Amino acid sequence: MSAITRDEVAHLARLSRLALTDDELDHYATQLDAIIESVAKVAEVAAEDVPPSSHALPLTNVFRADEVRQSLTPEQALSGAPAVEDDRFRVPRILGEEA
Amino acid sequence: MTTTKMSYDEALDRFEPVLGLETHVELGTASKMFCGCRTMFGAPPNTQVCPTCLALPGSLPVANAQAIESTIRIGLALNCSIAEWCRFARKNYFYPDMPKNYQISQYDEPLCFDGYIDVEVDGETVRIEIERVHLEEDTGKSTHVGGATGRIHGADYSIVDYNRAGIPLVEIVTKPIPGADRLAPEVARAYVTELREIMRSLGVSDVRMEEGSLRCDVNVSLMPRGSSEWGTRTETKNVNSLRSVERAVRSEIERQGAVLADGGRIVQETRHFHEDTGTTTSGRSKEEAQDYRYFPEPDLVPIAPDPAWVAELKAALPELPSVKRKRLQAEWGLSDLDMQAMHNADAIDLVEATVAAGAPAADARKWWMGELARRANESGTALAELPITPAHIARVTELVASGALNDKLAREVLEGVLNGEGTPDEVVDKRGLKIVNDEGELSAIIDEVLAANADAAEKVRSGKIAAVGALVGGVMKASRGKADAARARVLILEKLGVSE
Amino acid sequence: MSLIQKSAAELGALVAAGEVSAVEVAEAHLDRIAEVEPKINAFLHVDREVTLGQARAVDERLRSGERLGPLAGVPIAHKDIFTTRDMPTTAASRILEGWRPPYDATVTRRLREAGLVILGKTNLDEFAMGSSTENSAYGPTRNPWDLDKIPGGSSGGSSAAVAAYQAPLSTGTDTGGSIRQPAAVTGIVGMKPTYGGSSRYGLIAFASSLDTPGPFARNVLDAALLHEAFSGHDPLDSTSIDAPVPSVVEAARQGDVAGLRVGVVKEFGGEGFQPGVQARFNEAVALLESLGAKVVEISCPSFATALPAYYLIAPSECSSNLARFDAMRYGLRVGDDGTRSAEEVMALTRAAGFGPEVKRRIMLGTYALSSGYYDAYYGQAQKVRTVIAREFEAAYHQVDVLISPTTPTTAFPIGERADDPMAMYLADLCTIPSNLAGNAAISVPCGLADEDGLPVGLQIMAPVLGDDRCYRVAAAVEKALESRWGGPLLKEAPAL
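On a predicted model such as this, the values are computed, not experimentally measured, just so you know.

**Q** Can you help me understand the overall build of chain B in this one?
**A** Counting its regular elements, chain B contains 16 helices and 15 strands. Here the C-alpha atoms of chain B give a radius of gyration of 30 Å, more than 25% beyond the 23 Å that 2.2 N^0.38 yields for 500 residues. Dimensions of chain B, computed from C-alpha atoms along their principal axes, come out at roughly 95 × 55 × 50 Å. Counting over 500 residues, chain B shows a buried share of 44%. Within chain B, contacts between residues at least 6 apart in sequence are counted, and of these 69% link residues at least 24 apart.

Set out below in structure tokens:
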């Protein structure tokens, strides 16, 4: 039985904002299936009582003082923007919730 | 879209509401949550941005210590437990106003949890339980261009300003609040009011709803009377004033009541409140359930507040507003009703400051709740926004007490101050608003008035002392209000040879 | 000996003594780049004028009496994953083609402060995802030892540039072996410092909890000098360690293993390991013993699950880290015809701008983090991470360092594993555990495999902040082997 279906891959592509073609979906479904089957080996490690590590090192409490630092100029901030209008980033229409 | 509604009373006859409130408070830190950019409201677009808050490739967040401290103080003020160890988490979803396409937030490890506050509504104390208080970052702001109304729907494109992106945001979530019953709208409002005052007393935020530094989402569900099973809830966003909190709850109760009475189902959805109509409309229903794929933020290390430090913060909390109100009420000897009226008018701090500046509590209250409340109401501004200070009011009460002003003149002085003519003393000078204390001048005015009102004078002389009122009125009129009415009365009676 | 053959330490000394200028050194290397780059393709961006401008500024600083470090005036090839104000930064992705960052990475800034001269930005697997540099959107880099072979990855441009004498030094980043594996297969030295020992600020993130900047050089001392130049605490990186940099230069000069306890990782050898790699490794073990080290075998059974754990953790973090490439604020924008929504433009741009490996990992990570799968995949992988860290800890109670071959095989042919992700992932088998535990690890050349005559690397692993131990052992091995070989391994490489 495959670990992941083509529909699931299509769902992942949507969640990841990747417009994939049908051929790509087929291709990735096969590859991801093999990879997932392989990485599922992590389940073989008995680790019920082991705490998960989200970080490489156990550091805590790293903060910065509430001090203002120099910001970019608007020119710098917008320098890489694909489109600009009125010192703002111009973006295509947003499919948001109706407000 | 038309929405059928049921009257509030009818809805409440058949159903019982359950409330929930999620409040976002923008902290008033000097710099953003994870970078050193300023947080000034209203700055020109994209002038308060840097690689981190623009999510430029390679940039990293570093948490603002002051924001952590403020959040813990908020938690303590809301009687929460403070986490011994917790992490930030990434909430993943794509949206153009969120530069990283994930929000740094907290998931199952909030900084503060399990608290409560008590609010008073109609003389009853209602305990609101707090589920969690956590820290996250704000998004940028989109302006929608084209289309009919400047709304997102139907716009041609949008332009985005990221100045607000990364400003620290504290989210305060209540547990479900059953049992508010008919008072649900008032309870919701009282809760948000109380939160706002707590934030102010802590000095952690300017909590201006109109500028969005305090934002509220209102959850409402209804269950049939006699049932114990909660109904499906809706989440109403865009509730931007205290009054709107109350109206949004009321409106949702009425709408849901009508749907349910009609045999319909409530859809779990986001709704938007409209200030103009006082109603809510449905947000776009989501085609698929959001999967935020939360996971611990690897770019930030866990927070483990030192318990001794938390204890210090707790000990150093200011007197909380509800405690302070009780103390002041006792000190000022006011009834519950009077105190509640002052609370509703946001006058307590002003009166307190006026008393601190030397005025008697009764006088301070009289001015703020009377003349000034009327003025604020007329001009549609908040009491605290009037261009007059507690010190001004204290000075006016002092001038009245010394006899230099009477009530009428005092009102004129206040008007002058409000008009920007200067301090009370300056207004008195400029407008010549001093009580006529010169006995000779007053005597001359009285003589004129007696001569012009011989009938009234005769009545008084013949023992109808009540008729002296008309003569005093005449003197006040002739002096254009500057005479000391009490002294004028004594002199009139003297001149007419009548004693009381 | 021409300037390009000199070590970084030598070049630094010559510049400091005024015997040669930084400009002359830079010119010699720029000429070498121009000469061999058509064969190697190590660089994504070279701008002669910008580089010479930097060199002139260094000469000026030295003339004005400013005290700079031992590498002032030494040129360096910089992995194109660190932001640079004066050169484009692309992470070898179409999605960032031509992007000019408005800020310098901390590593970049420290290179400049130390007076290093940046020759250009080197090629890599797109967003550092890969082990061959074939995943670059701008064509593969070739191994100077055999132009049909991969130079390793992801920092393959950096390893090839140093091996091809285009630069005496280069920077890399190591997430699962991306410095050590390329160093091994090109016959040079590559070091992954302790996680948090070098700053990630301005390093375009692949997997935040694993990414570690580190040095490449042709010898151990040069690597240590570069390590020291750009490492140390950075307040702009919350995961940066606030502690002094271990004394790596001193350790590299010392190069002594007498009395040191060395553990051979039992699981990294035998089946799946190329005989020539195994043979050179076994000789290195014998060499260490002959130098006075006490060698024992250490079993780390959980290391077998390091690879699957890594291929859950790294893609999970990358799926989130790469979400910012959305066509809104910078980089490529595709399909914005005025009618499409932002959502559609994002999806079209990301589909066009990311290569297949990046897409694969984004989807794998999205899957591993999804509700319903989180506990079984990402959550369990994090637990395995703890188990591996504990196993390291137990091992370091018995020994001072652990060793293994850096890679199971020598450089493989370009194209061989390009569409077989599982085979490709095996290249990082031995290097991944140190990343998961945040430990220090180095790769140093230990000879050529008999089958193909290609370089083999010896990996030396040490605990957190034990970076100096890596250099100490590597320097001892280097000294002994070079005296046996009569010079560095690279002199065996064919002329380009």
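Having seen it, we continue.
**Q** Any chance you could explain the environment of C:Leu426 here in plain terms?
**A** Within the fold, C:Leu426 resides in the loop between helix H14 (421-425) and helix H15 (432-437). Each C-alpha atom of the pair C:Leu426 and C:Asp125 lies 16 Å from the other, and the pair is 301 residues apart in sequence.

**Q** Teacher, can you tell me more about the domain arrangement of chain B here?
**A** It is common to give the size of an interface as the accessible area that goes away when the parts come together. According to the domain assignment, chain B contains domain 1 (8-309), domain 2 (321-404) and domain 3 (439-495). In this structure, domain 1 of chain B and domain 2 of chain B have C-alpha centres spaced 32 Å apart.

**Q** Quick question: what am I supposed to make of the interface of chain C and chain B here?
**A** Contacts between chain C and chain B engage 33 residues on the former and 24 residues on the latter. Of all the secondary structure elements, the ones that give two or more residues to the side of chain C that touches chain B are helix H10 (306-321), helix H11 (342-353) and helix H12 (356-369) of chain C. If you tally residues by element for the side of chain C that touches chain B, the top one is H10(C), at 3 residues. Across the side of chain C that touches chain B, the residue classes break down as 16 nonpolar, 11 polar and 6 charged.

**Q** Sorry if this is basic, but what is going on with the sheet that holds strand E9 (residues 157-161) of chain B here?
**A** The strands making up a sheet are joined through hydrogen bonds of the backbone, oriented either antiparallel or parallel. Across the sheet, which stays open at both edges, the 4 strands sit in the order E2(A)-E3(A)-E9(B)-E8(B) with antiparallel pairing between neighbours. Either end of the sheet is taken by a strand with one partner, and the two such strands are strand E2 (84-85) of chain A together with strand E8 (141-145) of chain B. Examined bridge by bridge, strand E3 (residues 88-92) of chain A and E9(B) share 4 bridges and lie antiparallel to one another. Bridging from a neighbouring strand, A:Pro92 pairs with B:Tyr157 of E9(B).

**Q** In this structure, what is going on with the interface of chain C and chain A? I would like to understand it.
**A** Listed by partner, the interface residues are 58 residues for chain C and 46 residues for chain A. Those elements that place two or more of their residues in the side of chain C that touches chain A are H10, H11, H12, helix H13 (375-398) and H14 of chain C. Sorting elements by how many residues they give to the side of chain C that touches chain A places H13(C) first, with 11 residues. Counted by class, the side of chain C that touches chain A contains 31 nonpolar, 15 polar and 12 charged residues.

**Q** Explanation requested: the sheet that holds strand E12 (residues 234-239) of chain B in the structure shown.
**A** Residue and element names in this part refer to chain B. Taken together, the 9 strands give an open sheet; going across it, the order is E3-E6-E7-E10-E1-E11-E12-E13-E14, and neighbouring strands pair in mixed fashion. Looking at strand neighbours, the two that pair on one side only are strand E3 (81-82) and strand E14 (279-282), the edges of this open sheet. Two strands pair when backbone bridges link them, and strand E1 (residues 15-26) and strand E10 (residues 168-174) are joined in this way by 5 bridges, in the antiparallel orientation. Within the sheet, the bridge partner assigned to Thr23 lies in E10 and is Ile172. Here helix H2 (residues 65-77) sits on the sheet and contacts E3, strand E6 (112-121), strand E7 (124-137) and E10; the angle it forms with E7, its principal contact strand, is near 165 degrees.

**Q** Sorry, what's going on with unusual backbone geometry here?
**A** Residues apart from glycine generally show negative phi values, whereas peptide bonds are mostly found in trans. Of note, the bond from C:Gly153 into C:Ser154 is cis; its omega dihedral lies within 30 degrees of zero at 10 degrees. Take C:Ser154: it is sitting in the loop between strand E3 (117-122) and helix H5 (156-163).

**Q** Can you help me understand the nonpolar core in this one?
**A** Generally speaking, a soluble globular protein has its nonpolar side chains buried in company with each other. The biggest cluster of nonpolar side chains holds 277 residues, and the ones touching the most others in it are C:Val189, C:Ile460 and C:Ala474. Aside from chain neighbours lying at most four places away, what touches C:Val189 is C:Ala183, C:Phe216, C:Ala217, C:Arg218, C:Asn219, C:Val220, C:Ala223, C:Ile442, C:Ser443, C:Val444 and C:Ala474. Counting 43 residues, the second largest nonpolar core, distinct from the first, contains B:Ile348, B:Leu405, B:Ala410 and B:Leu442.

**Q** Explain the UniProt feature "active site" (unreviewed entry) in chain C to me, please; I cannot follow it from the model alone.
**A** Residues and elements named next belong to chain C. UniProt tags Lys79, Ser154 and Ser178 as "active site" (unreviewed entry). Across 100 residues, the annotated set stays spatially compact, with a maximum C-alpha separation of 11.3 Å. Structurally, Lys79 is set in strand E2 (residues 75-79). The class for Lys79 is buried, based on 32 C-beta atoms found within 10 Å. Setting aside residues up to four positions removed in sequence, Lys79 forms contacts with Thr122, Leu124, Ser155, Gly157, Ser158, Thr171, Gly172 and Thr173. Residue placement: Ser178 occurs in the loop between strand E4 (169-174) and helix H6 (180-186). If sequence neighbours within four positions are ignored, Ser178 has contacts with Ala128, Gly153, Ser154, Ser155, Gly172 and Thr173.

**Q** Help me out: how do you make sense of helix H9 (residues 361-379) of chain B in this one?
**A** Note: α-helices contain 3.6 residues per turn, so residues at a spacing of three or four share the same orientation. All names here are of chain B. Taking 1.5 Å per residue, 19 residues should reach 27 Å; H9 reaches 25 Å between its end C-alpha atoms and fits that length. Bending of H9 peaks at approximately 40 degrees at the position of Leu372. Restricting attention to buried positions, one finds in H9 the residues Asp363, Ala364, Arg365, Trp367, Trp368, Leu372 and Ala376. The inward-facing, buried residues of H9 abut helix H7 (336-344), helix H8 (348-356) and helix H10 (390-401). Immediately beyond the C-terminal end of H9, within one or two residues, lies Gly380, with a positive phi of roughly 65 degrees.

**Q** Can you walk me through the environment of B:Arg243 in this structure?
**A** Residue and element names in this part refer to chain B. Within the secondary structure, Arg243 sits in helix H4 (residues 242-261). Residue classification places Arg243 among the partly exposed residues on the basis of 13 C-beta atoms within 10 Å. Put simply, Arg243 and Phe88 are 155 residues apart on the chain and 34 Å apart in space, counted from C-alpha to C-alpha.

**Q** Please clarify how the pairing of strand E5 (residues 189-192) of chain C should be interpreted in this entry.
**A** Residue and element names in this part refer to chain C. Across the two faces of E5 the burial is the same, with Val189 and Met191 and Gly190 and Lys192 all buried. Two strands pair when backbone bridges link them, and E5 and strand E6 (residues 212-217) are joined in this way by 2 bridges, in the antiparallel orientation. Bridge pairing in E6 links Val189 to Ala217. Both E5 and strand E10 (residues 440-448) contribute to a ladder of 3 bridges, which runs antiparallel. Bridged to Gly190 within E10 is Ser443.

**Q** Got a minute to help me understand the pairing of strand E9 (residues 401-405) of chain C in this structure?
**A** Consecutive side chains of a regular strand alternate in pointing toward one face of the sheet and then the other. Residues and elements named next belong to chain C. Most of E9 is tucked away, with 5 of its 5 residues classed as buried. The sheet contact formed by strand E7 (residues 261-265) and E9 spans 3 bridges and is parallel. Its bridge partner lying in E9, Gly263 is registered against Leu402. Pairing of E9 with strand E11 (residues 455-462), which is carried by 4 bridges, proceeds in the antiparallel orientation. Each residue of the ladder has a partner; that of Leu402, found in E11, is Met461.

**Q** What am I meant to see in the confidence of the model for chain C here?
**A** For residues with low pLDDT, the predicted coordinates do not support detailed interpretation. Within chain C, residue pLDDT values average 97, and 100% of them lie at 70 or more. The complex prediction reports pTM at 0.90, with the ipTM value standing at 0.97.

**Q** What is the right way to look at the environment of C:Lys39 in this model?
**A** For C:Lys39, the location among the structural elements is in helix H2 (residues 22-40). Those residues in contact with C:Lys39 that lie beyond four places of it in its chain are C:Arg142, C:Leu147 and C:Leu496.

Each value, and the rule that gives it
- Residues numbered from 1 in each chain as written.
- Chains lettered and ligands numbered in written order.
- Predicted model: local features only at pLDDT ≥ 70, side-chain atom pairs only at ≥ 80, totals over all residues.
- Helix = DSSP H or I, 4+ residues; strand = E, 2+ residues; numbered from the N terminus.
- Rg over C-alpha atoms; globule rule 2.2 N^0.38 Å.
- Buried ≥ 20, exposed ≤ 12 C-beta atoms within 10 Å, placed from the backbone.
- Contact = placed C-beta atoms within 7 Å.
- Domains from an automatic or database assignment.
- Nonpolar A, V, L, I, M, F, W, Y, C, P; charged D, E, K, R; others polar.
- Pairing = 2+ DSSP bridges.
- Axes fitted to C-alpha atoms, helices over the stretch in contact; angles between N-to-C directions.
- Core = buried A, V, L, I, M, F, W, Y, C linked by C-beta atoms within 7 Å.
- UniProt positions renumbered as here; feature names shortened; annotations may be inferred.
- Expected span 1.5 Å × (residues − 1).
- Bend = angle between axes of the 7 residues up to and from the residue.
- pLDDT = per-residue confidence, 0-100.

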